Amino acid sequence: MNKRPLKELLAAMHQGKFEFPELDTGDVSDLYEKKIYNDREIYIPNKRLKTFHSFLSLFLLEYLHTNNEVVFSYRKGVNAVDAVSKHTSSKYFFQTDITNFFNSIDADLVTSTILNSIETCPISDIQSHITNIVKILTINNSVPVGFSTSPLLSNACLFNFDNELQKYCIENKLILSRYSDDIIISSLEKAPILEAEIYVERLLSKHTNNKLSINTKKSKHTQTGNKIKLLGMVILPNGKVSVDIKFKKDTEVKLHFYLTNKEKFNEISGPDLDSAIEKMSGQLNYYNTIDPSYLDKLRKKYGATIVDMFLHKSDKL
C-alpha cells in the first residue's frame, strides 16, 4: 500500500478547496447541534463536519478490522435479514443487546481500535493526528449517536470481542451473529446455549475494559415450538424468515382503509397524508428486504398498483 500524509490525501480528494483547521485542534464543538429525539441525544454535524467525516470514513474507518463473518450491521451488501438467516436451522436461541451501546464506547477504546489497524490504513502519519481525530469522532469522550462515523467505529471497536466469541461458538457448535448492539446465539442443543450468556458478559467486559455490558433485562432464551422473533423478524416453522404477524396485520389494516376510508387511513397512519405515505413506504420497503413474497400476497389482495405506488412513494397517490 502506498501510504500518504493525511493532509495530502485530504487536499487531493478535494483538490485543495477544502480546509479543516480543526484537524490541528480537535475542537469541533461549533460544527454540530444537539437534538433530543425519543428521549435520546442525537448530534447533527453541519455540512463541513459531514465532509470531513466522509473523508475519515473513506481513508480510515473503512480500513479498521471488522469480523465480517459475525457482524452484519452497517456493511454494504448485508443486512439484518442475513444476521437472522444464519439461525434458521437452530432449535434453541439466546438473544441480548448491549446497554447504551454507542455512548459506552469511549475515546480510549476508539484510539486503541484505530491504532490496532494502523498497518492497513493508507494514512502514513495517523499517529501524529490520532488525538485530534478521536476528538473529531467523539463528543464528551464517547461515540455519539448521529455522526455517520459512529456505526463503522462501533463495528470495529468490538473486533476482538467478536473474534473470541466466534471462536467459543465454533468450539461449542453454536451459531453467532451480531447486528449493532444485538447479539444472537443459537444451537441445536440446549445446554451450550444456557452457558453462553455468562460467557458473552465476561468477554464483553474483558475486551472493553468493563465499559460495555449486556442488558440483562432484554436477554431472552427461546426455542422452537414458541415464536422465534429476532431483530423484529420471525423464523417460521419451515425455516423461512418473514415479517412478524403483528406488523403484517397493521399494514393490511392501513391498506384496507386507504382503499375504503381515507380519513380513517390518515387517522391511524400519521398526522397528514404525506407522513402516512412516507411511513407506509418505509414499511413496505422493509418487508421487501425481508420477504418479497409477502408483497406479492399484498398485491394480489389489494392490487399491484396501490402496493407499488406506496413501495415507490409515488406522488400520484
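Basis of the calculations
- In every chain, residue numbers begin from 1 and rise along the written sequence.
- Where local features are concerned, this predicted model is filtered to residues with pLDDT of at least 70; where side-chain atom pairs are given and counted, the filter is 80 or more; whole-chain, interface and lining totals use all residues.
- Derived side-chain values reflect all non-hydrogen atoms in the structure, with water molecules and hydrogen atoms excluded from consideration.
- UniProt positions are given in the numbering used here, feature names are shortened, and annotations may be inferred rather than shown by experiment.
- A run of DSSP states H or I qualifies as a helix once it reaches four residues; a run of E qualifies as a strand once it reaches two. Both are numbered from the N-terminal end.
- Three labels apply to residues, based on accessible area from a 1.4 Å probe with only protein chains included: buried if under 20% of the type maximum, exposed if over 50%, partly exposed otherwise in between.
- Contacts were defined at the residue level, with two residues in contact if any of their heavy atoms lie within 4.5 Å.
- Each accessible area is a Shrake-Rupley estimate made with a 1.4 Å probe; only the visible protein chains count as cover when residues are assessed.
- Lys and Arg are tallied as positive, Asp and Glu as negative. Neither His nor the chain termini are counted.
- Charge placement uses NZ in Lys and CZ in Arg. For Asp and Glu, CG and CD serve respectively.
- Definition used in this section: a nonpolar core is a set of buried Ala, Val, Leu, Ile, Met, Phe, Trp, Tyr and Cys residues joined via side-chain atoms within 4.5 Å.
- Expected span, for any helix, means 1.5 Å times one less than how many residues it has.
- Cavity and pocket criteria rest on a 1 Å grid covering protein atoms alone: a 1.4 Å probe that fits but cannot get out defines a cavity, protein on both sides within 12 Å along at least 5 of 7 lines defines an open pocket, and an atom within 4 Å of a point defines a lining residue.
- Grid points are joined across faces, edges and corners, and a volume is the space filled by probe spheres set on the points.
- Here the term charged refers only to Asp, Glu, Lys and Arg, the term nonpolar to Ala, Val, Leu, Ile, Met, Phe, Trp, Tyr, Cys and Pro, and the term polar to all other amino acids, Gly among them.
- A pair of strands is treated as paired once DSSP finds two or more bridges between them.
- Between N-to-C directions, angles span 0 to 180 degrees; the directions come from axes that are lines fitted to C-alpha atoms, helices contributing only their stretch in contact.
- For this classification, under 35 degrees means roughly parallel, over 145 means roughly antiparallel, 65 to 115 means roughly perpendicular, and everything else is oblique.
- Put simply, a crossing is left-handed when the front helix is turned counterclockwise from the back one by less than a right angle, and right-handed when it is turned clockwise.

- An unreviewed UniProt entry annotates the protein chain as RNA-directed DNA polymerase of Pseudomonas nunensis.
- The record held by UniProt for the protein chain lists under Sequence similarities (unreviewed entry) the comment "Belongs to the bacterial reverse transcriptase family."

## Remarks on the overall build of the protein chain
Okay, step 1: If you tally the helices and strands in the protein chain, you get 14 helices and nine strands.
Okay, step 2: Counting every position in the protein chain, which comprises 317 residues, the buried fraction comes to 45%.
Okay, step 3: Taking as baseline every contact in the protein chain between residues at least 6 positions apart, the subset at least 24 positions apart corresponds to 70%.
Okay, step 4: In the form shown here, the protein chain has an accessible surface area of approximately 16,400 Å², with 49% of it arising from carbon and sulfur atoms.
Okay, step 5: Distance between charge centroids for the protein chain: 5 Å, based on 41 positive and 38 negative side chains.

## Things to note about the nonpolar core
Okay, step 1: Counting residues in each nonpolar core, the largest one holds 62 residues, and the members touching the most others are F20, F52, L60, I114, I133, L165 and I185.
Okay, step 2: Apart from residues no more than four positions distant in its own chain, L60 is found in contact with F55, I114, C121, I123, I126 and I133.
Okay, step 3: Of all hydrophobic cores here, the second largest spans 28 residues; its members include I228, M280, L295 and V307.

## What about helix 10 (residues 245-260)?
Okay, step 1: Taking 1.5 Å per residue as the helical rise, helix 10 with its 16 residues ought to reach 22 Å, and the 22 Å between its terminal C-alpha atoms agrees with that figure.
Okay, step 2: On its buried side, helix 10 packs onto strand 9 (241-243), helix 11 (262-269), helix 12 (273-290), helix 13 (292-302) and helix 14 (304-311).

## Quick word on the side chain of H129
Okay, step 1: Among the secondary structure elements, H129 is positioned in helix 6 (residues 126-137).
Okay, step 2: Among the residues examined, H129 registers a relative accessible area of 11% and is labelled buried.
Okay, step 3: With residues near it in sequence (within four places) discarded, H129 still touches L6, K7 and L23.

## Describing the layout of surface pockets
Okay, step 1: Taken as a whole, the largest pocket holds about 570 Å³ of empty space.
Okay, step 2: Around the largest pocket, the lining is made up of 23 residues, and of these D97, I98, D181, D182 and K218 lie nearest the centre.
Okay, step 3: Looking at the lining of the largest pocket, the elements with two or more residues in it are strand 2 (40-45), strand 3 (92-97), helix 4 (101-104) and strand 7 (228-230).
Okay, step 4: Of the residues that constitute the lining of the largest pocket, the class distribution is seven nonpolar, eight polar and eight charged.
Okay, step 5: The calculated volume of the second largest pocket comes to roughly 290 Å³.

## With respect to the side chain of Q166
Okay, step 1: For Q166, the location among the structural elements is in helix 8 (residues 159-171).
Okay, step 2: Assessed through its relative accessible area of 16%, Q166 is described here as buried.
Okay, step 3: Once residues within four sequence positions are removed from consideration, Q166 is found in contact with N67, E69, V70 and L176.

## Description of the sheet that holds strand 3
Okay, step 1: Pairing is antiparallel across the open sheet formed by four strands, whose spatial order is 4-5-3-6. Among the strands making up the open sheet, the edge pair consists of strand 4 (175-179) and strand 6 (220-223). Averaged over all adjacent pairs, the angle separating strand axes in this sheet is 15°, with direction ignored.
Okay, step 2: Helix 8 contacts strand 4 and strand 5 (182-187) of the sheet and is inclined by roughly 155° relative to strand 4.
Okay, step 3: Strand contacts of helix 9 (residues 191-207): strand 3, strand 5 and strand 6, with the helix running at about 150° to strand 5, the strand carrying the most contacts.

## Some thoughts on the packing of helix 11 against helix 12
Okay, step 1: In the contact formed by helix 11 and helix 12, the axes pass within 9 Å of each other and the chain directions differ by 70°. In this view, helix 11 runs roughly perpendicular relative to helix 12, as classed from their interaxial angle. The two elements helix 11 and helix 12 cross, and the hand of that crossing is left-handed. Taken together, the residues of helix 12 that come into contact with helix 11 (itself represented by F265, N266 and S269) are L273, A276, K279 and M280.
Okay, step 2: Here the residues of the contact of helix 11 with helix 12 sort into four nonpolar, two polar and one charged.

## Let's talk about the sheet that holds strand 9
Okay, step 1: Overall, antiparallel pairing links the three strands, which are arranged 7-8-9 in an open sheet. Pairing within the sheet leaves two strands with one partner each, and these edge strands are strand 7 and strand 9. Here the average twist between neighbouring strands, direction ignored, is 40°.
Okay, step 2: Across three bridges, strand 7 lies against strand 8 (residues 233-235) in antiparallel orientation. Its bridge partner being in strand 8, I228 is matched across the sheet by I235.
Okay, step 3: Helix 12 contacts strand 8 and strand 9 of the sheet and is inclined by roughly 165° relative to strand 9.

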